[in-house]
Amino acid sequence: MRDFFARMGILGELMQFLWRRKLYWLVPMIIVIVIVGVLIILSSNPATSPFIYTLF
C-alpha cells in the first residue's frame, strides 16, 4: 500500500497522512473537491463547455 501512495506524489502523501491518522471520513470530501475542480477547469475551455453544461 505504501508503494501505491508513493507513486501518486503529493496526493499520495495526503492520502497516506489521512490513512495513518484514521481520517477515512475526509476521503469522500477530497474526491468531491477534486471532481468539482476538474469540472471548473474543463468548463473554462470553450470547446468542452457545451458538454459540461449538458451534465447539469
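Quantities reported herein were computed from a predicted structural model and do not represent experimental measurements.

S.K.: Let's hear about the overall build of the protein chain: which residues, and what values?
M.R.: Check the secondary structure of the protein chain and you find four helices and zero strands. Mapped from its N terminus to its C terminus, the protein chain presents α and β elements in the order α-α-α-α. Expressed as a percentage of the 56 residues in the protein chain, the buried residues total 16%.

S.K.: Give a description of the packing of aromatic side chains that names residues and reports values.
M.R.: Applying the stated rule across the entire model yields one aromatic pair. With 5.0 Å between their ring centres and 75° between their planes, tryptophan 19 and tyrosine 24 make a pair best called edge-to-face.

S.K.: Help me get a handle on the confidence of the model for the protein chain, residues and values and all.
M.R.: Here the protein chain averages 80 in pLDDT, and 89% of its residues register 70 or above. Mean pLDDT in the protein chain bottoms out at helix α1 (residues 2-7), which sits at 68, and peaks at helix α3 (residues 26-43), which reaches 86.

S.K.: Give me a nonpolar patch on the surface: which residues, what numbers.
M.R.: Taken together, the side chains of Met8, Leu11, Leu14 and Phe17 present a nonpolar region at the surface, about 320 Å² in accessible area. Within the secondary structure layout, phenylalanine 17 lies in helix α2 (residues 10-20). Classification of phenylalanine 17 as partly exposed rests on a relative accessible area of 40%.

The rules behind the values
Residues numbered from 1 in each chain as written. Predicted model: local features only at pLDDT ≥ 70, side-chain atom pairs only at ≥ 80, totals over all residues. Heavy atoms only, no water. Helix = DSSP H or I, 4+ residues; strand = E, 2+ residues; numbered from the N terminus. Buried < 20%, exposed > 50% of the residue type's maximum accessible area, 1.4 Å probe, protein only. Phe/Tyr/Trp six-rings, centres within 6.5 Å; stacked < 30°, edge-to-face > 60°. pLDDT = per-residue confidence, 0-100. Patch = residues over 30% accessible without salt bridge, like charges linked within 9 Å, V, L, I, M, F, W, Y side chains within 5 Å. Areas by Shrake-Rupley, 256 points an atom, 1.4 Å probe, with all protein chains shown as cover. Salt bridge = Lys/Arg side-chain N within 4 Å of Asp/Glu carboxyl O.

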